Amino acid sequence: GASAGGESALFDLFANIPHDVDAAFIVLSHHKQDHQSQLKFLLSRHTRYPIYLIRSGEEIKPASIYLIPENTTTTIENGRLFLKAHRDDLNPPLIDEFFMSLAKEMKNRAIGIILSSSGADGAKGSRTIKEYGGMVMVQQPGAGKSDPMPVTLIEKDFCDHILPAKNMGLHLNDYIHSFDHKNE
């Protein structure tokens with residue numbers, strides 16, 4: 001999840017993820033549709049992964065990046081992404097809703113990453129990921145344009161790693177590959 005100027009952190013993150021990481025990445029941000037189209041173009045300059053705009057009911061493909069359409073929230077169930085209209089007065093915050101569904105779906109394999117963010121969105125979802133045994137990384141305070149959410153997660157002990165976005169890829173890779181070794 002990212003907002004409040006988190007684009008440069010997204011670029012740093014994806015530019016430094018090893019190309020053999022066989023995971024799907026769902027990018028959640030609080031931006032308008034036309035910004036998402038621009039984000040797709042800009043992000044494509046920093047990654048080899050294909051980038052898709054989420055379609056409801058879509059099966060998640062590994063080694064892919066998914067962007068959420070404007071005014072929607074997304075959840076994951078049975079390996080598929082589902083969209084619904086988002087209204088701030090009726091729905092949980094965007095990142096919280098997805099992280100909570102991710103934790104229930106993936107259990108200890110759930111990974112949440114919070115980059116620059118100015119609101120409270122992400123705290124409940126990060127706590128849920130931790131409760132299910134998953135892993136949460138936050139951008140190191142001072143590295144982003146807006147630090148309130150990363151600082152909140154650090155203070156509440158809802159994160160496992162506090163790193164600059166450019167260093168998250170290797171930790172992500174190690175975490176994902178640790179499951180490969182457990183299954184051998």
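Here's what I pulled together on the structure shown here.

Ranked by size, the top nonpolar core spans 27 residues in total, and within it Phe14, Ile17, Phe25 and Ile65 carry the most contacts. Looking at this core, the elements that each hand over two or more residues are helix H1 (7-15), strand E1 (24-27), helix H2 (33-44), strand E4 (64-67), strand E8 (135-139) and helix H6 (165-182). With six residues, H6 is the largest single contributor of residues to this core. Once residues within four sequence positions are removed from consideration, phenylalanine 25 is found in contact with Phe14, Ile17, Tyr49, Ser64, Ile65, Tyr66 and Leu172.

Turning our attention to the packing of aromatic side chains. Under the criterion given, the structure shown has four aromatic pairs. Each ring, one from phenylalanine 25 and one from tyrosine 49, has its centre 5.5 Å from the other, and the planes form 55°; the classification is tilted. Note that phenylalanine 25 is positioned in strand E1 and tyrosine 49 in the loop between H2 and strand E2 (51-53), a separation of 24 residues in sequence. Across this residue pair, the class does not change: phenylalanine 25 and tyrosine 49 are buried. Summarising the aromatic geometry, the rings of tyrosine 175 and phenylalanine 179 are spaced 5.2 Å apart at their centres and angled 85° between planes, so their arrangement reads as edge-to-face.

On to the pairing of strand E6 (residues 80-85). Judged from the two bridges that link them, strand E3 (residues 58-59) and E6 form a sheet pairing that is antiparallel. Bridging from a neighbouring strand, glutamate 59 pairs with arginine 80 of E6. Pairing of strand E5 (residues 72-77) with E6 involves six bridges; the strand directions are antiparallel. Residue pairing for E6: threonine 73 is matched across the bridge by lysine 84. Taken together, E5 and the strand that follows it, E6, pair antiparallel across an intervening segment of two residues, in which asparagine 78 is found at a positive phi of about 50°.

The next thing to look at is the sheet that holds E2. Taken in spatial order, the three strands line up as E1-E4-E2 in an open sheet, and their pairing is parallel. Two strands lie at the open edges of the sheet, namely E1 and E2, each paired on one side alone. The sheet shows a mean angle of 25° between the axes of neighbouring strands, taken without regard to direction.

Across the sheet, which stays open at both edges, the three strands sit in the order E3-E6-E5 with antiparallel pairing between neighbours. The outermost strands of the open sheet, each flanked by one partner alone, are E3 and E5. Helix H3 (residues 94-106) contacts E5 and E6 of the sheet and is inclined by roughly 5° relative to E5.

What counts and how
- Residues numbered from 1 in each chain as written.
- Predicted model: local features only at pLDDT ≥ 70, side-chain atom pairs only at ≥ 80, totals over all residues.
- Heavy atoms only, no water.
- Core = buried A, V, L, I, M, F, W, Y, C linked by side-chain atoms within 4.5 Å.
- Buried < 20%, exposed > 50% of the residue type's maximum accessible area, 1.4 Å probe, protein only.
- Helix = DSSP H or I, 4+ residues; strand = E, 2+ residues; numbered from the N terminus.
- Contact = heavy atoms within 4.5 Å.
- Phe/Tyr/Trp six-rings, centres within 6.5 Å; stacked < 30°, edge-to-face > 60°.
- Pairing = 2+ DSSP bridges.
- Axes fitted to C-alpha atoms, helices over the stretch in contact; angles between N-to-C directions.

Bear in mind that shape data such as this cannot, by itself, settle questions of function.
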